[in-house]
Each structure stands twice: as C-alpha cells, then as structure tokens.
Amino acid sequence: MPSLSLSGVTVDFPFPPYDCQRDYMSRVIECLQRGVNGVLESPTGTGKTLCLLCATLAWRDNFKDTVSARKICERLGGQEMFPNTPLSSWGTAATDGDKTAFYTDVPKIIYASRTHSQLAQVVHELKNTSYRPKVCVLGSREQLCINQEVMRQENNHIKVHMCRAKVSTRSCVFYNNVEEKSTDRELTHSILDVEDLVKFGNKQRVCPYYLSRSLKQQADVIFMPYNYLLDPKSRRAHNIELSGAVVIFDEAHNVEKTCEESTSFDLTPYDVASAISAVDRLLSEQAKETGHGNADDFNVDSLSSGLKIDITTIAKIKQILLGLEAAIDSYEVPSDKGITKPGIFIYELLERAHLTYDSKTAVYEALEQISGHLAGQSGLFLNTGGLQKLSDIIQLVFCGEPSQKDRQQQMQSNTAHFKVHIHRDTSYHKKKQSSDVWASSSSKKQGNILSYWCFSPGFSMQDLANQGVRCIILTSGTLSPLSSFTAEMRIEFPVSLENKHVIERDQIFVSIIERGPDGAQLSSAFDRRFVPENMASLGNTIANLSRVVPHGLLVFFPSFPLMEKNLEFWRTKGHAERIENVKPIFVEPKGKGTFNEVIDGYYNQVNDPLSKGGSFFAVCRGKASEGLDFADTYGRGVVITGLPFPPKMDPRVVLKMQFLDEMSRKKAPGLKYLSGQDWYKQQAFRAVNQAIGRVIRHKEDYGAIFLCDQRFKSADARKQLPSWIRPYVRLYDSFGNIVRDVSQFFRVAQKMRPVVMKKSAAESCGTLCAPDTSSSSFSSSSRSSSTQKAKALDAHLPSLKRRRLDDHAGANGMARICVEYEGEGQESQRRPANLLDALSRGDHRRGDDSDAAVGEERASRLSTLSLQHDKRMDDELRGGKRKIKLVQEQQKLCVSDDVSEEGKASRAKKFLSDMKKSLSQKSFDRIVRALQTYKKTDSLDVLLTETAVLAEDTNTHALLRGFYQFVRPHHKKSFDARCEQLTGEGCGYKPDHSLSKEEKKAVLLQSAADVHPAVTPTCSQLNTQQLNRGGRHLNQQALKEPPAGSAPKTDVHSSFLTDVNAALGAEKSTRLFQAVRGYKKTENYESLVTTAVSLLTESDGNLPLLVKLGLFIRPQHQKQYGEMLDALMGRPVSTAEEDDAAGSEEQQTPASPSSSLKTQRKISSFFSSSQRR
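Since this is a predicted model, take the numbers as computed values, not measurements.

What counts as what
- Residues numbered from 1 in each chain as written.
- Predicted model: local features only at pLDDT ≥ 70, side-chain atom pairs only at ≥ 80, totals over all residues.
- Heavy atoms only, no water.
- Helix = DSSP H or I, 4+ residues; strand = E, 2+ residues; numbered from the N terminus.
- Expected span 1.5 Å × (residues − 1).
- Buried < 20%, exposed > 50% of the residue type's maximum accessible area, 1.4 Å probe, protein only.
- Arc of directions from axis to C-beta.
- Core = buried A, V, L, I, M, F, W, Y, C linked by side-chain atoms within 4.5 Å.
- Contact = heavy atoms within 4.5 Å.
- Phe/Tyr/Trp six-rings, centres within 6.5 Å; stacked < 30°, edge-to-face > 60°.
- Lys NZ or Arg CZ within 6 Å of the ring centre and 35° of its normal.

(A) Up close: helix α38 (residues 921-937). With 17 residues, α38 extends 24 Å from end C-alpha to end C-alpha; this agrees with the ideal 24 Å at 1.5 Å per step. Buried within α38 are the following residues: F924, I927, A930 and Y934. Buried residues in α38, looked at end-on, bunch into an arc of 125°, giving them a common side. Counted as exposed and oriented over 90 degrees from the buried face of α38: K922 and K936. D938 sits one or two residues past α38 and shows a positive phi near 65°.

(B) Up close: unusual backbone geometry. Positioned with a positive phi, R170 is a non-glycine residue whose angle comes to about 50°. Inspection of the secondary structure assignment puts R170 in the loop between α6 (156-168) and α7 (173-176). Phi at E1083 takes a positive value of approximately 60°, unusual for a residue other than glycine. Looking at where E1083 falls in the secondary structure, it is placed in the loop between α44 (1049-1082) and α45 (1085-1096). Classification of E1083 by relative accessible area gives partly exposed; the value is 37%.

(C) Molecular detail of the nonpolar core. Within the largest apolar cluster, 93 residues are counted, with the highest numbers of intra-cluster contacts made by V11, F223, L229 and F249. With 11 residues, helix α2 (residues 48-75) is the single largest residue contributor to this core. Setting aside residues no more than four positions away along its own chain, F249 makes contact with A112, Y226, L229, L230, V255, L464, I472, I473, L474 and T475. Residues I542, I585, I738 and A1127 belong to the second largest nonpolar core, which totals 63 residues.

(D) Here's a closer look at the packing of aromatic side chains. With the rule as written, the count across this model stands at 35 aromatic pairs. Ring centres of Y347 and F398 lie 5.6 Å apart, and the angle between their planes is 70°; on these two criteria the pair is classed as edge-to-face. Of the two residues, Y347 sits in helix α17 (residues 345-351) while F398 sits in the loop between α19 (385-397) and α20 (407-415), which places them 51 residues apart along the sequence. You can call F398 buried: its relative accessible area is 3%. Plain terms: the ring middles of Y357 and F398 are 5.2 Å apart, the flat faces sit at 85° to each other, and that makes the pair edge-to-face. Here the residue Y357 occupies a position in the loop between α17 and α18 (360-375), and F398 occupies one in the loop between α19 and α20, the gap between them amounting to 41 residues. Each member of the pair Y357 and F398 is classed as buried. Ring-pair connections join several aromatic residues into one group, and the members of that group are F586, F595, Y602, Y603, F616, F630 and Y634. Stacked on the ring of Y702, the Lys or Arg R636 has its end atom at 3.7 Å from the ring centre.

Below is the structure:
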C-alpha cells in the first residue's frame, strides 16, 4: 500500500493519490496539528471519505508515536537516545508542544454523518484501508434493540422506559450478557456497523445497544448521526465526552438545518392534551388506591410500582399543564398568520404556568417519574409523548444554572437567536387520538401551537466548541459558497478548501437551457411555473433530452407539488408518453415506504439490455438528491427544472429572513451576518448543487448537466454553482445547438470510456444486432471484468482489433459478425447508394488503379471493419441497437418461463411478508384464506370482498394493487377496474395482460417468425443479409438505378413542402422555409439546424420531416446531419435522399434498414475523412 508524507505525518493510502486528494489530506492534517477548525469542500467522486479517514487516523498514530518518544526521553533523564536525531524531529508538533503528554491525551475521533446508511458506507471505506482502530457505532434502541417485548411497543418513549425498567431489574436476558461478551475478540478486533452489531447480538444473545455503549469507552473512532452531537439532550443521553476530541461532520451541507431543528420545538394542542390525559390516568389510579386504605396512613410507600412522588405532586403537574394550555390559548391569533415575539418571551409565557428556573428541576424529575411509571404498565396503550416533550422543553429553555443576579443575563443569552411564534393549529389530519378511556374532551379541541424556533446554527455550533473539543472539521461535496456557509456557523474556520475535481474536461457537459425547442422561455418562477406554455416547453425539452442522453436520466424539480402538476399536464398533453416511449418514468414517492421499490425498478430498467434506459423524476432536498449513488449508467444526465427556493410565505422562512436582516443591521463588531435575501438564494443553490452532485461519482464517470431555467444565465447565479463546474458552463441561444453538442459529447465519452456492455443472459454462437425490442422473457447479466477490460483495450488499440478479426478459428460474438460481414462483402464490388457516397468514393479512389497493392487493400479492409465494430459498440452503449438470439426460440422461452416462475414465487413471498407487517393477524388470515379459495374456485368476487378492507386506508392501497400480480389473466381487467373504483388508481392494465401463458408464447414465436422469416435454427446459416435484415447496401439489386416509376426529385420536394405546411401551419412553415433558403445562399448549416430542430421536435409525429429535410443538406454537411439525427432519434436513421433512392425497393422488401444504413454511413464517413487527410 503506497505511503506518502504530509506535514511530517506518514499516510498509508490504498493507491497513489490524485493531486486533489493530497491537497485535501494536507488540509485535514493542518486542522489536526494546529487544533483549529476547518471547512473543506471536495466534489463527490474525489474519494473524500477515504482521504478523511486515512489522514485522520495517520495523524492519530503519529500523535501516539510522539507520546511514546516523549516517554522514552523522560526515562533517559533528558539524554538523547539518538544524538543525531533531536527530539524536535520526532513529530512533537503533533502533541501540544512542551506540555506533558500521556496516552490518555490521544484524542478520540468522533465521526458524524447525517444517517446510519451513510455511516455504513463510511465503515465500509474504513475496511478498505490498512488502519484498524477500535471503533464503535452509536445508534438508538429503535435500531439496536433485539428484545422483542420492548420492540413490540407502539411508542418510542415507552420502549425507552421499558428498556430502562428491564435493565434496572436485570430482567432482560440480552443485557445480562453484555459484561461477559463485551471483551469477545470477534467484537473488539472487528470493524462493525449497526447491521453487523445487530447480527452479532442475535448470534451471541447479547444486547447490541448496551454493547455499543460499552465499546464507546475504549473506542478510538466513534461513529454517530450528527443530531446525537448537536442536540444537547441526545449528547447527555449517550454520555458523549467531547473534551479534547476531534469532531468531524461529513455530508455537512445539512448541519445548518440540524443545528436549528435540534434546538427548536413545536408544542401542539395535542401534545398538551395527551400529557393532561396521561396525568389524569395516574391521578385516578392513585385516588383508587388511597380510597382502599386508611388516608391517615397514606405515604410514599403506599404508591404502586415504585413511584417516588406523592399524589399532591401529581396534582401540581396537572395544574402546570392546564396553566400552560390556558396561557397558549389565551392569544387571539388570526387564522392566516401568527403572533411573533422575541425569544425571551418564552420565559414570560412559561412563568404563567409556574415554570421557572426555581421550579424547573422538581417539575422535570416529576415528569420523568410519571413517564417511567406509565410506560411500565401493561395493558392499554397510553401516549406519554406529550410528557416527554415537556421534559425536553424544560431542558432546552432552562439550560444553565445561573445565580439569582446572573439569571436575567443568562436568559438573554439563551434566547438571543430565537423567536416565539404562536399560530393556529390548522391541521385537519390530527395525530391518532389516544384510545385511553380516561382521555378528556380537551384532547379533541383545536387550539394554538407554541413554536420556539432557533434561527442561528451558530448557537449549537458554539455550544459544541465550548465543550473543549480539539477541532471541528466540516466537509461535504456541496458547501459552496463557503463564505456564506461559514458566516452562519458563528465559529472561526482558519482552514478552508474548495477542491477541484479528478475528472477531465471531456467528462462533463454543463449547459444552461434558457428556451425549449419551441422557443418558449423556461422558468420555475412563481408567476411562470404553472403557465401551460412553460410546462409544455419543459416537457418538450425533457422529451428531446431523453433521446440524446444514454441510459439513465435524472430530472429534479423544485418541489413535490410542482413535479405533480407538471406530470399531470404532460400526461394530458402527451409529453409524458413521448418520454415513456424512450425512457420509462419512475417518480420519487413522498413517503419512505415505497422508495426502495421505485428506485430498484429504475435500476433494473437501466440495467435491462433490451431498453434504452429510464428516467427518474425526483425533487431537490428529497431522498434521491441526497445520498443515493447514481454512478455510471444510472445517471448519465441530470436535468434541473428550476431553482428550489424555500416557500416564501412559510412563517419560519419569513422569520428567518427577518432575523438575519435584524442581525445585519446591528453590525456587531467582528460578526458578519448574511442578509435575509442572501440566505434565501443560498438555500436554493445549495439544494441545486446537491442534486448536481449525483452525476459524477468517480474518476472514470461522465455525464451531462442541464440547467433548465433562464435565471441560471445571470453571472450572480453561476457564481453560486460549485467551483469545479463553473469553468464548463455553456450558454446557448437555441435548443438545436444543445442537441448537437451533447450528442457529440456522449459520442466521444462513450468512445473514450466504454462501460460494461449490457446484454441478455441467453447467449449462443449467433447473435444479431437489431432495433430495440422489449420483452420480459429475456433476462440480463453483466459481462465479467476480464471481458470489460478486453473491450476497453479493443476500443483504443486497432492492432488488437485486427488480431481478433483475423482469428477465424476462435472468432465469436462481435468479431465473428465482422468476419462474416467481410466475407460476404468480398463476393461483389459495392456501388455507391447515393450522390454523397459516389462523390466521397470517387474522390477517395481518384488516382487508384483497379489492381491496387494487396497491403493497401488489406489496410483499408481492416480500417473499415474497425469502424463497423466501433459503430456497433457505440450503438449498443447508446441504446440504439440490442443483441437478441436468432435461433432456438422455443428453448429460450422455456428458460425464461423458469426464471419468471422463480421471480413470481419470490415476489409473492415478499408481498405476503409486507402485508403481514401492515395488517392485524385477523385481517391477514382472512385475506390468505380468500386467496386460497380463489385458487381453488376461480371466484374473483370472494377475493374482491375480502381485500376491500385494504381500500379503507390510503397506506394499504398499494397492497390492494399488489394483488394484481396474482390475479389470473382473464380477471385482470375486472380487478384493475375495481381497484380504480376503490382507490382512484388502477393497476396499469394493458390488453396483453389478459393473454394466457400459451397465448403469449404463440405471440412471441409469431413475432420472431415475422422478424426472421428465413432463419433456420442453426448457427451455420448466419449470413450478412440476415445480420443487416436485408439492408439494400448488401443486396446487389438494391444498388441498381432506381426503377422508372420512381418519383422525380421535384415531386419529392413538393411532397415535403406540403407535409411541412400541414404539420406546422403557415407561420412556422414560413420560418423553416426562410431558414432553408438562407442555407442555400450562405451555407450556414448551424442556423438551419437550430431552426429546424426547434420547430420539428415539438411533436414525435414531426420527426420524419426532420429526416426528410436531408433532401436540402449539402454533401459536405451530410455526415454531421446524419450524426445529429442518430442522436436525436435514439437510433440510426437514413437521410431523406437515401430513402428516396430506394423507395420502390422498400415497398417490395419491407425490412428495417437501420443496421445497414448505420454501417453505410460509417463507411462513407471513413472515406470522406480519408479524403480530407
């Protein structure tokens, strides 16, 4: 493993680092050595996490070595062990100068990220390094508890209190094993994430939650979600010691939001009412117990279950809760807006409920006692969430222990960055009411919400810094602009970095699309976003981009409502169908429940060798824009449809902007605040930058970014983009030029960086390149790594191509096709198919004799075959052509049926498992019995009757539609209609779903027979005519002069003009004809293509006209025009001139010429380029 020295620290790195990685590690080590804070931005795909781990752990090892050196020096009594090597050269800079150092002074590394799934990725990266520190991952009981009795509880607060009760009484068998198993070698010498820890716990019957807390004491590196660090309550609960620690926040673009939310709260009427109900329940119990005994003998010991407070204290708590409810509801609040007060007003409000610094400790302890007691009771579920929230509020508001004289100053300090906002509870979908029979009517009343909002992330960050940490490092791929980010944090960051990317210029394409293909301006501004003209233009833009971007296309919208409105409009107007025809649409769901199902569907679609990829529609700040990996083919293009500004009328947004404006006006010395408007812009662009980061995920990745909003064109907007993107941003005046350039970009990128080829699992000695045919009966598999490397070498080294082409004995796959193609071609001399080919060929052959040298002829043959091979590779990469089997159709269908049956069984098992989790046991059993009855009797009515229960709750609608896969074909249409009637959404019924298995087989076999009527199921009969599907350039007759009955050229022109008039109307037709006339005079190809593409790509029906426009294209531009058509149509197309030259021939032989024309164009392009050389 390579080693490098950075600032006197030796870092072991898994491979030779790139320059940007060295820069990044140097800044990390600088922060650690100097003990100062740092903010480091490094784009996604630059190995940021790996660099962070290696640099930090290398520095920590160096620190330990330095301590060892100082200890040795002390033992020697001041003498030098190595006279020629002074102590100062041993790395004393790692420790704090001349201070006495101990091994206990070696700092712990606290590594925080947003979620446990992101932490799991970090732990995986750590396993790839040579470092093996002692690690610990902290999690909640929700994630780590394996006691089924605790996990069955409905409420998290009850789980916590039940767990504590079991631990205190040692009635949890898993907890009882913690002490014995905490020294297990498998545990202490392994690097485990949360999932690994749970597996270990189940295997050894030991509690993973308390095991992680035990490991924390000896851990060198502690991993945790960063709300554990930023929330003071969580920090205390997990007993996190920060003194002298190094704190790292990865994915820190969300830290600002987490800082504010961890110190804010919203107390709803439901919270207060549920707390009152819970206390009422306890009062009733204690009153009964008091009544059974002698009131004179009543004391603390007479209370059940170890409750350590008397009934008077419980009554006082109820009085406080009633007082708090009355104080909050005493304000008359307008329905459309709330009342806002300074932060210090919270003390005045709570004082009216007798909550002050003097009473806070007694009230807090009483609340904890009541919560614990109620949570430990078996039987009827009682919500203690309201009590827990009040406990949290007391801890947050009354932080610190000031003396009486300092109290006012402490209160001012605590609330300086807060606002109190009281507003009406307008939610009509209340939380599920308590089923407790003691619940009072107050729990159902509508009242005011008390909000206490923090507006400065610096409040939490300063609190963290005051804990005595060594340094804080914030890092992410999207922190730009750094100046505004650091201004919000309110702590000093002496070290900063905006790192460059590891990619080259040819790997990224960034364009600002101001106008769509129809010329309409694109904007998601409030006054434009729902204008039909704008939505139609955006739909046309995405439909056209889906044709030129290969594989996976990601489309990000500013918000869910905007995405839903656009999709609804596009489905009505046909735009969605145009996109679906090329790349099926997958839409990010609002809830978390079905997200994995949708994203897996998208991945499978992109991986399908018979598809042209897929499109994933998501929202900025959503799950897809944050931590998901869309590497390589999963994200070749990212479309940003607008700027995701926060909702400007949201009270929290309004107050945040007002707060920042107030702070800016105060101009406190040494402090610089953003203005409200600057913060508002920053939020939008940070969300955009995060979504953009999905496109490039590693050094060999490539992709395109399309910013589809005219507001991106301003210089100020471009400054907000990440520094590594800014140099590549291109502004375009017309959509046609974008199509041209992005097509060229992907053509070059695919050539230089070929990816693993997609192909169906069924392979034989004969394969066929054919247009895309979708069929679920073909399964897919990836090529092996050795095949991938061979392909990559072949693409760049002509000598390897030649060797493979000449190796007849071992020829197979693509090489064999090329050899057979060449063998057939030698039988006859080909003639040019059109004027362009004739000119190119004539110029190329000028001066050559018919008996040219054999070596020259062979070189030409090899070059032509290389071009053919390259073109086929490009087409497969772009999705234009797919390989399907020619022979043994019956056998393939049988294999596919087996695979299909296995998949169906697997899906059924998973579906029933999900249904069991979502329903009561009684409902689940009834539905299973109905399924069994349906299987025996074929009675759909029985199944529909029992499954109707799934239509009662919107959360189970998906389960009802899930039954569609198990309904027999002849019932699918009826079931779909019933689902639509019950849930408002059908199951996606199509007529072919009603076909039986045998009928589907017959249709597939008939389709195969129609496509290949002359193919015999043997490999020996594979020939070039079959490979090119009867393409006319491989047929001698097709190269003859057109028959006498062919239409004259003038008639063809007239027909084209008539078609254009009919399709576009007078005004647009005039624009197109003016562009053609201008091209005829000036030969300005760019101007013609720009106009033509913008006019003829608005509707799929007009695309043939774009092809026919080739009639007017000059020979010198034919190749360029052909390539543009290839990219735009998603498949090779012929120019109109070629179509007309063989018009009557096509009528007699209705075969697709796509393969032949592709090769023909490539060959003619080769001759043209040879002439130029």
